[in-house]
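Observations on the model geometry
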Amino acid sequence: MAQHNPPTLLLVLLLSTLTVNSSFQPALVLEMAKILLENYCFPENLVGMQDAIQQAINSGEILQISDKKTLASVLTNGVQGALNDPRLTVSYEPNFVPVMPQMLPSLPVEQLIWLVRNSVKLDILDNNVGYLRMDRIIGEKTAAKLGSLLMDNIWDKIAQTSSLILDLRFSTAGELSGVPFIISYFSDPEPLIHIDIVYDRPSNTTKELWTMPSIKGKRYGKKKDVIILTSKRTVGAAEAVAYTLKNLKRAITVGERTAGGSVKVQKIQIPQSEFYITVPVARSVSPITGHSWEVSGVSPTVLVNAKEAVAEAKSLLAVRSAIPKVVQNITDIIRRFYAFTDRVPALLQHLKSTDLFSVVSEEDLAVRLNQDLQTVSEDPRLIIKYTQDNAAIEEEEDAALYNLPEDSESLKVLVDTTIKVEILPHNIGYLRFDKFVKLSAGAQVEDLMAKKVWEPLKDTNNLIIDLRYNTGGSSSSLALILSYLHDTSKKHHFFTIYDQIQNTTTEYDSLPRMVGPTYGSKRGVYVLTSYDTASTGEEFAYLIQSLHRGTVIGEITSGTLMHSKTFQIEGTGISVTVPFMNFLDNNGECWLGGGVVPDAIVLAEEAVEHVRDIADFHQGLKSVIKGTGNLLEKHYAIHEVALKVSKVLFSKWTEGLYWSVVDYESLASQLTADLQETSDDHRLHVFHCDVEPESLHDVPKIPTPEEMGYIIDALFKVELLPGNVGYLRFDMMADIEVIKAIGPQFIKAVWSKIVNTNALIIDMRYNTGGYSTAIPLFCSYFFDAEPLRHLYSVFDRTTASMTEVTTLSQVTGQRYGSFKDIYILTSHMTGSAAEVFTRSMKDLKRATIVGEPTIGGSLSSGTYQIADSVLYASIPNQVVLSAITGKAWSISGVEPHVVAQASDALPVAQRLIAARQQKREQGN
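Residues numbered from 1 in each chain as written. Predicted model: local features only at pLDDT ≥ 70, side-chain atom pairs only at ≥ 80, totals over all residues. Heavy atoms only, no water.

1. Structural notes on the packing of helix α11 (residues 344-353) against helix α12 (residues 362-377)
Stated precisely, the cut-off is as follows: For helices, the fitted line uses only the C-alpha atoms of the stretch in contact; every axis is such a line through C-alpha atoms, and the angle between N-to-C directions lies from 0 to 180 degrees. A run of H or I in DSSP becomes a helix once it reaches four residues, and a run of E becomes a strand once it reaches two; helices and strands are each numbered from the N terminus. Roughly parallel refers to an angle under 35 degrees, roughly antiparallel to one over 145, roughly perpendicular to one between 65 and 115, and oblique to any angle outside these ranges. The hand of a helix crossing depends on one turn: near helix anticlockwise from the far one by less than a right angle means left-handed, and clockwise means right-handed. It only takes one pair of heavy atoms within 4.5 Å for two residues to be counted as in contact. Classification convention: Asp, Glu, Lys, Arg as charged; Ala, Val, Leu, Ile, Met, Phe, Trp, Tyr, Cys, Pro as nonpolar; all other residues, Gly among them, as polar.
In contact at an axis separation of 10 Å, α11 and α12 are set at 150° when each is read in the N-to-C sense. Taken together, the axes of α11 and α12 are roughly antiparallel relative to one another. In terms of crossing hand, the pair formed by α11 and α12 is right-handed. Where α11 abuts α12, its residues Ala346, Leu347, His350 and Leu351 lie against Leu369, Asp372, Leu373, Val376 and Ser377. Residue composition of the contact of α11 with α12, by class: six nonpolar, two polar and one charged.

The following block contains the structure:
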């Protein structure tokens, strides 16, 4: 139960609403508070209450309320509002006479028997469904006294039923001690189940309720269905039964939300007054949920009017009784027909172990099984669904429908009605297939196709294959059509079909001999699709993409599941669709349907108009690909890598891997991906720009004297940390001429503050680079004047020169020296010249690097236009080589000595400094 108000404010809020005359005893409120402190089952919410009350009384804020019933109402509102507990009520009852109910166990056996017979009703309904109505939950002692009666007349009879309806709609009385007795009948002897924790405030004791290891009579067990009926009147111990069995997943609740009663409520007289306060003195917390049924009640699994609960329960049990048969039927169907035979054992095991406890309808069952099977199989074609009106099942089309007629005249009519051929403007061939008939190699068919299709199309510049109205057909015809679209000089594998029913695997390859001219593999093929393109039409579009033989233009296809059978589960509205064939593309990947996404997504009715623009774009692809390769060979820093990448790009174009590219934006993206994948250099990229981009490295501007102070403040942050540790952060590598210009002011404003520290932290986490010309100067401050140290070498592809970079013999101001500890902080943002500085200091063992691996940037990259296009390539033309190993490292970046999140790098470095200093002190 949520408690929202601070305890110390409880009665301050309450008493601020009171107006009690000082002549009327303030002790009434104090006594009420005392009762709450000693009896309220949430004592932790009352801490500090008495002091708060006393302060409120002493403040004089208590004014007069002359009417005592009004006072009781105000007290009730205050307590309920402060504690958020509607069970707390204060009443003024001058004539109240408390009645102590007689304890049931003390009644004679004859009266107990009469009570049980009047509060329990047992019946056996159709289909051996038990019906047990309990209007009172009998406590532990009463049950022990009537053990044999209950066993013989209730539990042993119920145990013989196939399922049970437990009716608690009229249960308004009972004892919580009887709850474990009932729960135990519906559970196994072992392990024992912890079902409730009851805290009693007056005695300040906690009692745990567990199921019982042994009971009189036969257990109902955990397998058979149990339905519990509830109503708004269901209260107390009956709620505990319903709540526990529901959350143990042992029963399904049907009916209305229960009353939301309490474990134990007492009406206590406020001493020396005629006021009474009703207080919940005990509370229940379920160890199963961590919550309680008190106040909020038990929400039913199936919400219906209480009067309709029995009929609903009978209907639900009918559904649940059919579940094993439905699951078994689905199991048999999957075992027999599912094409992914290697996935069948896992599916069947999952079906066997699936928890269907909470299934309350056929639709619910279908949804649950469908979600589970698709998750396990990872196959969207395997579908279980519920159709309320038992709509007609769409079966797999009979392949015989697409068989060719035997006589030549009928064959000619069929070809004329399913295939349309035209020559469009700009010498673009147009071939429309509205269905794929079963075309197979054979003189009659091939002669007809050669005359009807390939002869008219043989000299066109490009070919449109229109599948916008194609709803399927025979997959066997695909290999013949694809053979005409490939060179006959070598064999091509197109696709494979595995048929589980026939247990056959058929590979479809290019045909060795073709009648008539073939279209070949050089000219463009543009396949048009629409939302209506389905089944075999989708397979053809998919193969055009996977074989890299053309470009798909139009709308996403329908996603119709191919090669599947749908079975209606007898006597239900549930059907299961099982793919009995697997369609494997030329790479051996099984296509699971779901629709083909075109390379160019446009409205189907506009698809033809887009073909010419895309075909024109493809005409210029070769020069762009070759131009990119030429730029790499001329400018990329590592020549052998450039040669390799250039060759791969052209090979990909030759193999048709750029047919899917339909504009300059997508070409830039594809080229970038191919360049980076082949070279393993993420710095290479191609971008689209309508105007020539500006140079990224302009000649640096020398600051004026007025600008110098601003530049120093903007570039550098300096701080003195505890332990005489210097901290220097700079976020950009400035050019050497700029550094020389600001040098004197830099020495005074920045360097002088940290040069005499015991250790130095240089923060490069936010430094993305800049100019490399000042790196030798920066490094020189951390080494002695002599000897000069080799920092790194730079190979420049544009000049074919190698430059060895060393420290300087002279610097302005005081050097930091070559012995004091230096720590450099890095992140994934640290790049370019900042990396070179960091790597040089690391290679020469002059600094400890802390943070994240750096990105791997370039000292210099050139931007070059690709051929005469609107594409530009950014190409690193310099490579940095380690002074120690002589090997290039700039692509891979800098690996820190101590890896840490960038956000944690500074405190990590500080801890390292402190630990090293402590070690030195201990050594002394």
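2. A short note on the packing of aromatic side chains
Put simply, the rule reads: Within 6.5 Å between ring centres, the rings of Phe, Tyr and Trp (the latter by its six-membered ring) count as paired, and their orientation is classed by plane angle as stacked under 30 degrees, edge-to-face over 60, tilted in between. Exposure is judged per residue with a 1.4 Å probe applied to protein chains only, and the accessible area is read against the type maximum: over 50% gives exposed, under 20% gives buried, and values in between give partly exposed. Counting as a charge over the ring demands two things of the Lys NZ or Arg CZ atom: a distance within 6 Å of the ring centre and an angle within 35 degrees of the ring normal.
All chains considered together, the criterion is met by 28 aromatic pairs. Consider the rings of Phe730 and Phe778, whose centres lie 5.4 Å apart with planes at 40°: the pair is tilted. Linking Phe730 in strand β29 (residues 725-730) with Phe778 in helix α23 (residues 775-780), this pair joins segments that are 48 residues apart in sequence. The same class applies to Phe730 as to Phe778, namely buried. Taken together, the ring pairs connect Trp155, Phe181, Tyr185, Phe186 and Tyr220 into an aromatic cluster. Across from the ring centre of Phe340, 3.7 Å away, lies the NZ or CZ of Arg343, which sits over that ring. Lying over the aromatic face of Phe580, Lys565 brings its terminal NZ or CZ to 5.5 Å of the ring centre.

3. Quick word on a nonpolar patch on the surface
For clarity, the threshold we go by: Patch membership is restricted to residues that have no salt bridge and whose relative accessible area is over 30%. Joining uses 9 Å for like charges and 5 Å for the nonpolar side chains Val, Leu, Ile, Met, Phe, Trp and Tyr. Methods summary: accessible areas were calculated by the Shrake-Rupley approach with a probe of 1.4 Å, and residue burial reflects only the protein chains presented. Only one rule defines a salt bridge in this text: a Lys or Arg side-chain nitrogen within 4 Å of an Asp or Glu carboxyl oxygen.
A cluster of nonpolar side chains, contributed by Tyr531, Ile556, Val597 and Ile601, occupies part of the molecular surface with about 400 Å² of accessible area. Tracing the backbone through its elements, the reader meets Ile601 in strand β26 (residues 600-601). A relative accessible area of 56% places Ile601 in the exposed class.

4. A look at unusual backbone geometry
The linkage connecting Glu190 with the following residue, Pro191, adopts the cis geometry, with an omega of -5°. Within the secondary structure layout, Pro191 lies in the loop between α8 (179-185) and β7 (194-200). Between Glu786 and the following residue, Pro787, the backbone shows a cis peptide bond with an omega angle of -5°. As for its placement among the helices and strands, Pro787 is situated in the loop between α23 and β31 (790-796). Residues other than glycine seldom take positive phi values, yet Asn204 does so here, at roughly 55°. For Asn204, the location among the structural elements is in the loop between β7 and β8 (205-210). What makes Asn204 exposed here is its relative accessible area of 52%. Unusually for a residue other than glycine, Lys249 sits at a positive phi of about 55°. Judged by relative accessible area, which is 52%, Lys249 ranks as exposed.

5. Some points on the side chain of Glu239
Which entries qualify depends on this criterion: For the purpose of charge, His is not counted, nor are the chain termini; Lys and Arg are scored as positive and Asp and Glu as negative. Counted as a polar contact is a pair of N or O atoms within 3.5 Å, where, for protein atoms, one must be capable of donating a hydrogen and the other of accepting one, and residues adjacent in sequence contribute only when both atoms are in side chains.
Mapped onto the secondary structure, Glu239 falls in helix α9 (residues 237-247). Buried and unpaired, Glu239 has Arg257 as its nearest opposite-charge partner, separated by 8.1 Å. At 2.6 Å, the side chain of Glu239 and the backbone nitrogen of Gly260 are in polar contact. Setting aside its immediate chain neighbours within four residues, Glu239 contacts Thr234, Thr258, Ala259, Gly260, Gly261, Trp293, Gly297 and Val298.

6. Side note on the sheet that holds strand β30 (residues 759-763)
Rules: Should DSSP find at least two bridges between two strands, the strands are taken to pair.
Spatial ordering of the open sheet is given by β28-β29-β30-β33-β34-β38, a layout of six strands whose pairing is mixed. A strand with exactly one partner marks an edge of an open sheet, and here the two such strands are β28 (716-721) and β38 (898-899). The pairing of strand β33 (residues 821-826) with strand β34 (residues 848-851) spans four bridges and is parallel. Bridge pairing in β34 links Leu825 to Val850. On the sheet, helix α22 (residues 736-754) packs against β28, β29 and β30 and is oriented at approximately 25° with respect to β28. Packed onto the sheet, helix α24 (residues 833-843) meets β30, β33 and β34 and runs at close to 140° relative to β33.

7. Focus on helix α20 (residues 664-679)
Selection rule: Any helix carries an expected span of 1.5 Å times its number of residues minus one.
Here α20 contains 16 residues, and its C-alpha end-to-end distance of 22 Å stays within 8% of the 22 Å for a straight helix at 1.5 Å per residue. Elements in contact with the buried residues of α20: α17 (607-619), α18 (621-635), α19 (639-654), β27 (685-688) and β36 (871-876). Here α20 starts with a cap whose side-chain oxygen sits 3.4 Å from the backbone nitrogen of Glu665, and that cap is Asp663. Positive phi appears at Asp680, one or two residues downstream of α20, with a value of about 60°.

8. Observations concerning the confidence of the model for the protein chain
Put simply, the rule is: What pLDDT reports is the predictor's confidence in each residue, on a scale of 0 through 100.
Across the protein chain, the average pLDDT comes to 85, with 86% of residues at 70 or higher. Across residues 1-25, where pLDDT falls below 50, the model places 61 contacts with residues more than four positions away in sequence or in other chains. Segment residues 391-401 is flagged for pLDDT under 50; beyond a separation of four residues in sequence, or across chains, it makes 10 contacts in the model.

9. Examining the packing of helix α10 (residues 309-337) against α11
Packing of α10 against α11 leaves a shortest axis separation of 10 Å and a crossing angle of 180°. Here α11 runs roughly antiparallel to α10, going by the angle between their axes. Taken together, the residues of α11 that come into contact with α10 (itself represented by Val327, Ile330, Thr331, Ile334 and Arg335) are Val344, Leu347, Leu348 and Leu351. A class-by-class count of the residues in the contact of α10 with α11 yields seven nonpolar, one polar and one charged.

10. What about α22?
Short version of the rule: Here the bend at a residue is taken as the angle between two axes, fitted respectively to the seven residues that end there and the seven that start there.
If you check α22, its first and last C-alpha atoms are just 21 Å apart, much less than what 19 residues at 1.5 Å a residue would give, namely 27 Å. Residue Gly743 marks the point of greatest curvature in α22, where the axis turns by about 60°; the proline Pro744 follows within four residues. Of all the positions in α22, only Ile736, Val738, Ile739, Ile742, Gly743, Phe746, Ile747, Val750, Trp751 and Ile754 are classed as buried.

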